[in-house]
Amino acid sequence: QGQLVESGGGLVQPGGSLRLSCAASARPFSLYALGWYRQAPGKEREWIASIRPSGHPEYAGSMKGRFTISRDITKTTVYLQMNNLKSEDTAVYYCNAQRGERNIWGQGTQVAVSS
């Protein structure tokens, strides 16, 4: 079915930036819809952004402007660029890949925004 491995999380100060990466072994990579989600302590997992097989990105309304999803097909990797981070962005960030009935999740990477 394939695997997803996230990286790039860590501790960052408010106003800082991080770029998360998700390396995918799912094939064919370009035919999967790829997404990023996050889950803060005590809260439900929420959708951040997705990129369709066509390459078209979509964002949750509250995430527009500060988050950018992209992919590199040659590296079979999807990215999430996060700018102007706030304390409320602290969460575990998960990568997701969907194609038909296949729904794959990564193990998550922790992002902590704190001074």
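Residues numbered from 1 in each chain as written. Predicted model: local features only at pLDDT ≥ 70, side-chain atom pairs only at ≥ 80, totals over all residues. Heavy atoms only, no water.

(A) Up close: the state of the cysteines. With the rule as written, the count across this model stands at one disulfide. Disulfide partner of cysteine 22: cysteine 95, at an S-S distance of 2.2 Å. Taking the sign of the torsion about the S-S bond as the criterion, the disulfide between cysteine 22 and cysteine 95, at about -85 degrees, is left-handed. In this pair, cysteine 22 sits in strand E3 (residues 18–24) while cysteine 95 sits in strand E9 (residues 91–99), placing the two residues 73 residues apart along the sequence. (Disulfide = S-S within 2.5 Å. Helix = DSSP H or I, 4+ residues; strand = E, 2+ residues; numbered from the N terminus.)

(B) Layout of the packing of aromatic side chains. What the rule picks out here adds up to two aromatic pairs. Ring geometry for tyrosine 94 and tryptophan 105: centres 6.5 Å apart, planes at 85 degrees, overall edge-to-face. Within this pair, whereas tyrosine 94 is found in strand E9, its partner tryptophan 105 is found in strand E10 (residues 102–105), the two being separated by eleven residues in sequence. Exposure remark for tyrosine 94: the relative accessible area of 14% places this residue in the buried category. Here the aromatic cluster, defined as three or more aromatic residues joined through ring pairs, consists of Tyr37, Tyr94 and Trp105. If you follow arginine 45 out to its NZ or CZ, it ends over the ring of tyrosine 94, 3.8 Å from the centre. (Phe/Tyr/Trp six-rings, centres within 6.5 Å; stacked < 30°, edge-to-face > 60°. Buried < 20%, exposed > 50% of the residue type's maximum accessible area, 1.4 Å probe, protein only. Lys NZ or Arg CZ within 6 Å of the ring centre and 35° of its normal.)

(C) Examining the side chain of serine 50 more closely. Following the sequence through the fold, serine 50 ends up in strand E5 (residues 46–51). For serine 50, the side chain forms a polar contact with the side chain of tryptophan 47, separated by 2.8 Å. Filtering out sequence-adjacent residues up to four positions away, serine 50 remains in contact with Leu34, Gly35, His56, Pro57, Glu58 and Ile69. (Polar contact = N/O pair within 3.5 Å; in protein donor to acceptor, adjacent residues only side chain to side chain. Contact = heavy atoms within 4.5 Å.)

(D) Spatial organisation of the nonpolar core. Counting residues in each nonpolar core, the largest one holds 30 residues, and the members touching the most others are Trp36, Ile48, Val78, Leu80, Met82 and Tyr93. Those elements that place two or more of their residues in this core are E3, strand E4 (33–39), E5, strand E7 (67–72), strand E8 (77–82), E9 and strand E11 (109–113). Sequence-distant contacts of methionine 82, that is, excluding residues within four places in its chain, are made with Gly16, Ser17, Leu18, Leu20, Arg66, Phe67, Tyr93 and Val111. (Core = buried A, V, L, I, M, F, W, Y, C linked by side-chain atoms within 4.5 Å.)

(E) Region of the structure containing the pairing of E4. Within E4, five of the seven residues are buried, leaving the element largely enclosed by the surrounding structure. Pairing analysis gives seven bridges linking E4 to E9, with the strands arranged antiparallel. Paired with tryptophan 36 across the bridge in E9 is cysteine 95. Strand direction decides the pairing type here: E4 and E5, joined by five bridges, are antiparallel. (Pairing = 2+ DSSP bridges.)

(F) Structural view of the sheet that holds strand E1 (residues 4–7). Pairing within the open sheet is antiparallel, and its four strands lie in the order E1-E3-E8-E7. This sheet does not close on itself; its edge strands, each paired only once, are E1 and E7. Direction aside, the axes of adjacent strands within the sheet are offset by 15 degrees on average. Here E3 runs beside E8; their pairing, made up of six bridges, is antiparallel. Paired with serine 21 across the bridge in E8 is tyrosine 79. (Axes fitted to C-alpha atoms, helices over the stretch in contact; angles between N-to-C directions.)

Shape is all these values report; function is a separate question.
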